[in-house]
Amino acid sequence: AGKYYSFLFYEDEMQKAGLDPVESVKSLEDLDKFLADLKAYIEGGTEFSYIFDIGWDSWFDGSVLLQSFAVALGFDGQDMEDVFMGNIRWDDVDKNPYAAAFKLLKEYYDKGYLPEKWWTRSWDKDYEPGFIAKKSILAFHGPWLWTKVLAANPDAKLSGFPLPMNDDGKIWSGASTAVEGACMFDCNKDKP
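(A) Just the sheet that holds strand S3 (residues 136–141), in detail. If you trace the four strands from one edge of the open sheet to the other, you get S2-S3-S1-S4, paired in mixed fashion. The strands lining the two open edges of the sheet, one partner per strand, are strand S2 (50–53) and strand S4 (158–161). Along the sheet, successive strands turn relative to each other by an average axial angle of 20 degrees, direction set aside. Bridge count for strand S1 (residues 6–10) against S4 is four bridges, and the pairing is antiparallel. Bridge pairing in S4 places Tyr-10 opposite Leu-158. Across the face of the sheet, helix H3 (residues 28–43) comes into contact with S1, S2, S3 and S4 while running at roughly 145 degrees to S2. On top of the sheet, helix H8 (residues 144–152) reaches S1, S3 and S4; it is set at about 170 degrees to S4, its chief contact.

So, in structure tokens, the structure goes:
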């Protein structure tokens, strides 16, 4: 299934905000409402600097962030492959799944959910350490950030939820383009 990325958050802090994204976020519309409510909470006077924290990593942003949001918007791996294979033009903003994902992220940016100029924030020096130090309450990351938080603060109360599935019941779980891939050897397919 590839690498699983999800939203990670500080459960105790989310309880203070009166929000339960595990129960309430089941669609992109729910996610947008949740982010708006979280923004209102953070701007109401908390120590948090960021709502939906992110930093720049060319591999993550190109192979994870855009693809995962494209699937949540209703596209699939074939659509993304078609862009790379030239069957969908990069400038066809109606059919290109990456254009739709960029549009959604731009909306989130314009609403103030993402850090100012997030693409200038270092993944290793700003984003991850900021989440570990509780400068942000919510991150979209792989499970190893959870491990890093607990290594720094074993008493941290963490939880998480996936990016919502699309209307077809699909959820993104791994890279779906020619940039990278996964396989299962035929000799192992029937083994536990």
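(B) Quick peek at a nonpolar patch on the surface. A cluster of nonpolar side chains, namely Phe-84, Met-85 and Trp-90, defines an oily patch on the protein surface of about 360 Å² accessible area. By the secondary structure assignment, Met-85 is in the loop between helix H5 (77–84) and helix H6 (97–110).

The rules behind each value
- Residues numbered from 1 in each chain as written.
- Predicted model: local features only at pLDDT ≥ 70, side-chain atom pairs only at ≥ 80, totals over all residues.
- Heavy atoms only, no water.
- Pairing = 2+ DSSP bridges.
- Helix = DSSP H or I, 4+ residues; strand = E, 2+ residues; numbered from the N terminus.
- Axes fitted to C-alpha atoms, helices over the stretch in contact; angles between N-to-C directions.
- Contact = heavy atoms within 4.5 Å.
- Patch = residues over 30% accessible without salt bridge, like charges linked within 9 Å, V, L, I, M, F, W, Y side chains within 5 Å.
- Areas by Shrake-Rupley, 256 points an atom, 1.4 Å probe, with all protein chains shown as cover.
- Salt bridge = Lys/Arg side-chain N within 4 Å of Asp/Glu carboxyl O.

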